[in-house]
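Structural overview for review
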Amino acid sequence: VQLQAFGGGLVQAGGSLRLSCTVSGRTFSSYGMGWFRQAPEKEREFVAAISRSGGSTDYADSVKGRFTISRDNAKSTVYLQMNSLKPEDTAVYYCAVDVQVYSRLSYYSSEYDYWGQGTQVTVSS
């Protein structure tokens, strides 16, 4: 399984970005998906998760109401729409695959099996 993330960049505070993550393989619809981020000198943290069908989602408190995770199983792609960005959102953002026996939302990096290379998001004040 290979993941490739796109869409990072430099944006002013209050702006928006949309991250995309394309996953190789034929069984994307059986994967739970998540987004994590890691700021300099900080640990990787959970941002958002989405279930296999896309019917269930959840977010870190710090991004609730501003970020939206979604997926298109036909395109094997998961998205993270980020609005009202703040300087504290600056980080490398990673998408991840949770190969699941049963559908669930996964919140811990240890639950994920495959990771993308990361895409830098920088929010200027």
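Refer to the structure above for everything that follows.
First things first, this report covers the structure right here in the doc.

Each value, and the rule that gives it
- Residues numbered from 1 in each chain as written.
- Predicted model: local features only at pLDDT ≥ 70, side-chain atom pairs only at ≥ 80, totals over all residues.
- Heavy atoms only, no water.
- Helix = DSSP H or I, 4+ residues; strand = E, 2+ residues; numbered from the N terminus.
- Rg over C-alpha atoms; globule rule 2.2 N^0.38 Å.
- Buried < 20%, exposed > 50% of the residue type's maximum accessible area, 1.4 Å probe, protein only.
- Pairing = 2+ DSSP bridges.
- Axes fitted to C-alpha atoms, helices over the stretch in contact; angles between N-to-C directions.
- Disulfide = S-S within 2.5 Å.
- Contact = heavy atoms within 4.5 Å.
- Polar contact = N/O pair within 3.5 Å; in protein donor to acceptor, adjacent residues only side chain to side chain.

Quick notes on the overall build of the chain
Regarding its fold elements, the chain presents zero helices and 11 strands. Each helix and strand of the chain, placed in order from N terminus to C terminus, yields the pattern β-β-β-β-β-β-β-β-β-β-β. Here the C-alpha radius of gyration of the chain, 13 Å, is about what a compact globule of 125 residues would show, namely 14 Å. With the C-alpha coordinates of the chain rotated into their principal frame, the extents come out at 40 × 25 × 25 Å. In the chain, which comprises 125 residues, the share counted as buried stands at 43%.

A look at the sheet that holds strand E8 (residues 77–82)
Taken together, the four strands give an open sheet; going across it, the order is E1-E3-E8-E7, and neighbouring strands pair in antiparallel fashion. Strands with a single pairing partner mark the edges of an open sheet, and in this sheet they are strand E1 (3–6) and strand E7 (67–72). Sheet twist, expressed as the average angle between the axes of neighbouring strands with direction ignored, equals 15°. Both E1 and strand E3 (residues 17–23) contribute to a ladder of four bridges, which runs antiparallel. Across the sheet, Leu3 pairs through a bridge with Val23, a residue of E3.

Here we look at the state of the cysteines
Under the defined criterion, the tally for this structure stands at one disulfide. Disulfide pairing places Cys21 opposite Cys95 at an S-S distance of 2.0 Å. Here the S-S torsion is close to 60°, and the disulfide linking Cys21 with Cys95 is therefore right-handed. Taken together, the residues span a long stretch of sequence, with Cys21 in strand E3 and Cys95 in strand E9 (residues 91–99) at a distance of 74 residues. Of the two residues, Cys21 and Cys95, neither departs from the other in class, the shared state being buried.

Side note on the environment of Thr119
One can find Thr119 in strand E11 (residues 119–124). Sequence spacing of Thr119 and Ser20 is 99 residues, and the spatial spacing of their C-alpha atoms is 9.7 Å. If we skip the residues at most four places from it in the chain, Thr119 touches Ala5, Phe6, Gly7, Gly8, Leu19, Ala91, Val92 and Tyr93. Within the local environment of Thr119, its side chain forms a polar contact with the backbone nitrogen of Gly8, the two atoms lying 3.1 Å apart.

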